[in-house]
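Examining the three-dimensional arrangement
Residue-level listing of the chains:
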Amino acid sequence: MSALVAVRKHGDIVIASDSAQTEDGMLVAAEYYVNNNKIVACGESYIGLVGWSCTQDIIESLVREHASKMKLASRAEIFDTFRFIHTQLKDEYFIETAEDKDQPVESSQIGALIVGPTGIFEIESYRTVTEYTKFWALGSGKKLALGALQAVYELMDSAEDIALTAVKAACALDDACAEPIYLHHITIN
């Protein structure tokens, strides 16, 4: 489970996340495992992941092996990149695409926030791409983080302070989130 947030303000974009994992209903704190950062660097962008922890290994592998195909500067580029990723997920990583019989398309089983010099984007499991103007959050701590983001966005000047406040709120109140917090900063083009 996760608290993942992205904030855009005054020429800066910040992505931040908690570092906990859950396993069989148990919270596993960051001090017990090495790969506890849910944010993957990809060129000038960052991909923050929620959901199954195996998706981080997959995205890291795809970034290493197919960096030239990982274009993340616009909604259209992200959509095309995740169409490519979906094919890889099925053919090379053997992901289970079924969720329920009424789903519109195969699921990629990935939920992510993508930040880069051009903005904040969400990609959801059916590959819908949404661009956000100020902030967004994902994960089990999403509602708590969004409440905090809404409450402090106009009160604070720093994108970093806003993002930290939101992730801290989720860590304090969601039993599947925990500090330490990872944060990455980008200056908007």
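In the block above lies the structure referred to throughout.
Since the model is a prediction, treat every value here as computed from it, not as a measurement.

**Quick notes on helix α1 (residues 54–65)**
Helix length check: α1, at twelve residues, gives a terminal C-alpha distance of 17 Å against a target of 16 Å (1.5 Å per residue), a fit within 8%. Buried residues of α1: Thr55, Gln56, Ile58, Ile59, Ser61, Leu62 and Val63, and no others.

**Some thoughts on the layout of surface pockets**
Counted as a void, the second largest pocket has a volume near 190 Å³. Lining the second largest pocket we find 14 residues, and of these Cys42, Glu44, Ser45, Met70 and Leu72 sit closest to its centre. Of the residues assigned to the lining of the second largest pocket, the class counts are seven nonpolar, five polar and two charged.

**Regarding the pattern of salt bridges**
Between side chains of opposite charge, a pair can form as their charged atoms come close. Tallied over the full model, the rule gives three salt bridges. One salt bridge connects Asp18 with Lys38, and the closest N-O pair in it is separated by 2.7 Å. Of this pair, Asp18 sits in the loop between β2 (12–17) and β3 (21–23) while Lys38 sits in the loop between β4 (26–28) and β5 (39–42); the two residues are 20 residues apart in sequence, bridging distant segments of the chain. This pair shows no difference in class: Asp18 is buried, exactly as Lys38 is.

**Some thoughts on the pairing of strand β1 (residues 4–9)**
With respect to burial, β1 is a largely interior element, five of its six residues being buried. Pairing analysis gives six bridges linking β1 to β2, with the strands arranged antiparallel. In the strand pairing of β2, Val7 is matched with Val14. Once β1 ends, the chain turns through two residues before running back antiparallel as β2, passing His10 with a positive phi of about 50°. With four bridges connecting them, β1 and strand β10 (residues 135–138) associate as antiparallel partners. Along β10, the bridge assignment pairs Ala6 with Trp136.

**A closer look at the sheet that holds β5**
Reading across the sheet, the five strands line up as β5-β6-β7-β8-β9 and stay open at both edges, with antiparallel pairing between neighbours. A single partner strand is all that each edge strand has here, and the edge strands are β5 and β9 (129–132). For this sheet, the mean angle separating the axes of adjacent strands, direction not counted, is 25°. Bridge analysis of strand β8 (residues 119–123) against β9 gives four bridges, and the strand direction is antiparallel. The residue of β9 that forms the bridge with Phe121 is Glu131. Running over the sheet, α1 touches β5 and β6 (45–50) and is turned about 10° from β5.

**Things to note about the sheet that holds β10**
Spatial strand order, β10-β1-β2-β11: four strands in an open sheet with antiparallel pairing. This sheet does not close on itself; its edge strands, each paired only once, are β10 and β11 (182–187). Adjacent strand axes in the sheet meet at a mean angle of 10°, parallel and antiparallel pairs treated alike. Bridge count for β2 against β11 is six bridges, and the pairing is antiparallel. Its bridge partner lying in β11, Ile15 is registered against His184. Against the sheet, helix α3 (residues 142–152) contacts β1 and β10, and its axis sits at roughly 160° relative to β10. Set on the sheet, helix α4 (residues 159–173) makes contact with β1, β2 and β11; between it and β1 the angle comes to about 155°.

**Structural notes on α4**
Helix length check: α4, at 15 residues, gives a terminal C-alpha distance of 22 Å against a target of 21 Å (1.5 Å per residue), a fit within 8%. All of the buried residues in α4 are Ala159, Ile162, Ala163, Ala166, Val167, Ala170 and Cys171. In this fold, the buried residues of α4 make contact with β1, β2 and α3. Where α4 begins, the capping side chain belongs to Ser158, and its oxygen is found 3.2 Å from the backbone nitrogen of Glu160.

Procedures and definitions
- Residues numbered from 1 in each chain as written.
- Predicted model: local features only at pLDDT ≥ 70, side-chain atom pairs only at ≥ 80, totals over all residues.
- Heavy atoms only, no water.
- Helix = DSSP H or I, 4+ residues; strand = E, 2+ residues; numbered from the N terminus.
- Expected span 1.5 Å × (residues − 1).
- Buried < 20%, exposed > 50% of the residue type's maximum accessible area, 1.4 Å probe, protein only.
- 1 Å grid on protein atoms, 1.4 Å probe; cavity = no way out; pocket = protein on both sides within 12 Å on 5 of 7 lines; lining within 4 Å.
- Points joined across faces, edges and corners; volume = space filled by probe spheres on them.
- Nonpolar A, V, L, I, M, F, W, Y, C, P; charged D, E, K, R; others polar.
- Salt bridge = Lys/Arg side-chain N within 4 Å of Asp/Glu carboxyl O.
- Pairing = 2+ DSSP bridges.
- Axes fitted to C-alpha atoms, helices over the stretch in contact; angles between N-to-C directions.
- Contact = heavy atoms within 4.5 Å.
- Polar contact = N/O pair within 3.5 Å; in protein donor to acceptor, adjacent residues only side chain to side chain.

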